[in-house]
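Summary of the model geometry
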Amino acid sequence: GDDSAGGGEGDPRRAGEWGEVECDEVERGRARQAWARKGRAGAIEEGGGGRRLAANARDGAGGGGGGGKAGMDAEELFWFDLNGFLVVRGALSEREVAGLNAAIDAHLPAARARDASALKNAAPESAMTASGSRVDMGGMLAWEEPAFRELLTQPTLTRYLTEILGKGFRLDHQPLVIVQSNDSEGFALHGGPLSGDDGVPQGRFNPQLQYRCVNGTPWTSLLAASVSLCDAESGDGGFCVLRGSHKLNFAVPSAVTHGLADKFQDHIHQPAVKKGDIILFSEATVHGALPWRPRQSGKERRLALLRFAPANMAYGRAYTDEWGSGVFERCTPAQRAVLQPPYAPRLERAVLSDAGEDGTTAYKRSEEKRAHDAHIFGTPYF
């Protein structure tokens, strides 16, 4: 469970090992207030920018692109907690998007279509099925091109990851690139805090996918970042979500899972995105994908999907294979910090610093405690 905020015997805030934590919380609060003031001023002073801010708020969206150190502002926290997702507008620059797309182009021959029936993500005759297949790509962390490794420490993205997952957040799944051409299938609704139409009796507690908000701090066991590498207008298809379902108390009915319920269209939401936007969503929020049928003929869908977890949690197991051959050798120290196995920050975990992309810092345990553990366990950490 999530007892990292407790005050027990081993809690570093009580023991005095982690004295900067209280200071961090105060600074985060001050930064959040400053960020909110800046957002309100921008809405008043910048005219068109203010209208975009208002439109973002209606869509459950946040502002990005600045790479600042402030945390999420009050409105962003409100929309994320309410809906279970947040669209961060303009999170990546045109240069960053171009670098990611160029890397995909260079490796596109290795992509694989999900043509086999066992690989289909949409049931036949459902609202998510289509004539074409989704195309998947992996292994980006080992590519010679650095663009995907750079996403691990991209300033705008890491600001949100730190706010929601805490310092020491970690990559949990191998990054995935999805490519789709016209009339390719979507993905049945999945995720959520209760088991759904997935072979497990419906309505059971799902400990792997949970969301909480405690004393104004959001937390989720698994957070996805869908990096938009193309524009997707409303109605084009792609990522869709049942807003607020991260707090549901009843299992999603099978007809809803497959888009066949009479009121499905009334409740499903497909946010419009531009290149460089990032959709952040808790995996506890029920989500899926509508078939890709863009209004602009021939438009290809592209996205990079990354999942992150709090420091001491794991769903995936790619870390047991060190993320693939040669990955660590290509990473900076900060990127390697995001690829660490799951364990608590207080056990001297390297975390991203505020000083720069290549800077990391670690919380320090006392020499006495380390020596004691080494004496009784034969290892420096319990």
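If you're wondering where the values come from, they're calculated on a predicted model, not measured in any experiment. (Residues numbered from 1 in each chain as written. Predicted model: local features only at pLDDT ≥ 70, side-chain atom pairs only at ≥ 80, totals over all residues. Heavy atoms only, no water.)

**What about the environment of Ala 289?**
Residue placement: Ala 289 occurs in strand β14 (residues 287–290). Considering only alpha carbons, one finds Ala 289 and Met 128, 161 residues apart in sequence, at a separation of 7.1 Å. With sequence-adjacent residues up to four places away left out, Ala 289 is seen in contact with Met 128, Gly 186, Phe 187, Gly 238, Phe 239 and Cys 240. (Helix = DSSP H or I, 4+ residues; strand = E, 2+ residues; numbered from the N terminus. Contact = heavy atoms within 4.5 Å.)

**Remarks on the nonpolar core**
Core analysis: the biggest nonpolar cluster contains 49 residues, and Phe 148, Leu 171, Val 227 and Phe 308 have the highest contact counts within it. In terms of residue count, helix α7 (residues 155–165) provides more of this core than any other element does, five residues in total. When sequence neighbours within four positions are dropped, the list of residues in contact with Leu 171 reads Leu 141, Leu 152, Leu 306, Arg 307, Phe 308, Trp 323, Val 338 and Leu 339. Counting 14 residues, the second largest nonpolar core, distinct from the first, contains Phe 85, Val 273, Phe 281 and Leu 303. (Core = buried A, V, L, I, M, F, W, Y, C linked by side-chain atoms within 4.5 Å. Buried < 20%, exposed > 50% of the residue type's maximum accessible area, 1.4 Å probe, protein only.)

**A short note on a nonpolar patch on the surface**
A cluster of nonpolar side chains, namely Ile 376, Phe 377 and Phe 382, defines an oily patch on the protein surface of about 330 Å² accessible area. Position of Phe 382 among the secondary structure elements: in the segment after α12 (367–377). (Patch = residues over 30% accessible without salt bridge, like charges linked within 9 Å, V, L, I, M, F, W, Y side chains within 5 Å. Areas by Shrake-Rupley, 256 points an atom, 1.4 Å probe, with all protein chains shown as cover. Salt bridge = Lys/Arg side-chain N within 4 Å of Asp/Glu carboxyl O.)

**Observations regarding the side chain of Asp 277**
Tracing the backbone through its elements, the reader meets Asp 277 in the loop between β12 (268–269) and β13 (278–282). Here Arg 89 takes part through its side chain, which lies 3.1 Å from a polar atom of the side chain of Asp 277. (Polar contact = N/O pair within 3.5 Å; in protein donor to acceptor, adjacent residues only side chain to side chain.)

**Considerations on the pattern of salt bridges**
In the structure shown here, the tally under the stated rule is 14 salt bridges. Between Asp 136 and Arg 134 there is a salt bridge, with its nearest N and O atoms 2.8 Å apart. The class for Asp 136 is buried, based on a relative accessible area of 13%. The residue Asp 183 makes a salt bridge to Arg 293 at a minimum N-O spacing of 2.7 Å. One end of the pair, Asp 183, is in the loop between β6 (176–180) and β7 (187–190); the other, Arg 293, is in the loop between β14 and β15 (301–309), with 110 residues separating them in the sequence. The partly exposed category is assigned to Arg 293, whose relative accessible area is 41%. Overlapping salt bridges bring together Asp 105, Glu 300 and Arg 302 as one network.

**Describing the environment of Ala 188**
Structurally, Ala 188 is set in strand β7. Linking Ala 188 and Thr 129, residues 59 residues apart in sequence, is a C-alpha distance of 8.7 Å. Those residues in contact with Ala 188 that sit more than four places away from it in its chain are Asn 121, Ala 122, Met 128, Thr 257, His 258, His 287 and Gly 288.

**With respect to the sheet that holds β14**
Hydrogen bonds between backbone atoms are what pair the strands of a sheet, whose relative direction is either parallel or antiparallel. Strand order in the open sheet formed by four strands is β7-β14-β11-β12, and the pairing between neighbours is antiparallel. Looking at the sheet topology across the chains shown, the edges are occupied by β7 and β12. Taken together, the two bridges between β7 and β14 define a ladder with antiparallel strand orientation. Within β14, the residue paired with His 190 across the bridge is His 287. (Pairing = 2+ DSSP bridges.)

**Thoughts on the packing of aromatic side chains**
Tallying each qualifying case throughout the model produces five aromatic pairs. A ring pair is formed by Phe 78 and Trp 79, whose centres lie 5.0 Å apart and whose planes are at 70°; its orientation type is edge-to-face. Between the aromatic rings of Phe 80 and Tyr 211, the centroid separation amounts to 6.0 Å while the plane-to-plane angle is 70°, which identifies the pairing as edge-to-face. Of the two residues, Phe 80 sits in helix α4 (residues 74–83) while Tyr 211 sits in strand β8 (residues 211–214), which places them 131 residues apart along the sequence. (Phe/Tyr/Trp six-rings, centres within 6.5 Å; stacked < 30°, edge-to-face > 60°.)

**Overview of the pairing of strand β11 (residues 238–242)**
Taking burial as the measure, the five residues of β11 include five buried ones, the bulk of the element. Pairing geometry for β11 and β14, over four bridges, is antiparallel. Counted as the bridge partner of Val 241 is His 287 from β14. Relative to β12, β11 runs antiparallel, the two sharing two bridges. Counterpart to Leu 242 in the pairing with β12 is Ile 268.

**Quick notes on α7**
The element α7 is largely enclosed, with a buried count of nine among its 11 residues. What α7 keeps buried is the set Thr 156, Leu 157, Thr 158, Arg 159, Tyr 160, Leu 161, Glu 163, Ile 164 and Leu 165. Of the residues one or two after α7, Gly 166 is the one with positive phi, at around 90°.

**Digging into the side chain of Glu 283**
Along the chain, Glu 283 turns up in the loop between β13 and β14. A distance of 3.3 Å separates the side chain of Glu 283 from the side chain of His 287, its partner in a polar contact. If sequence neighbours within four positions are ignored, Glu 283 has contacts with Gly 191, Gly 192, Leu 209, Leu 222, Ala 224 and Arg 307.

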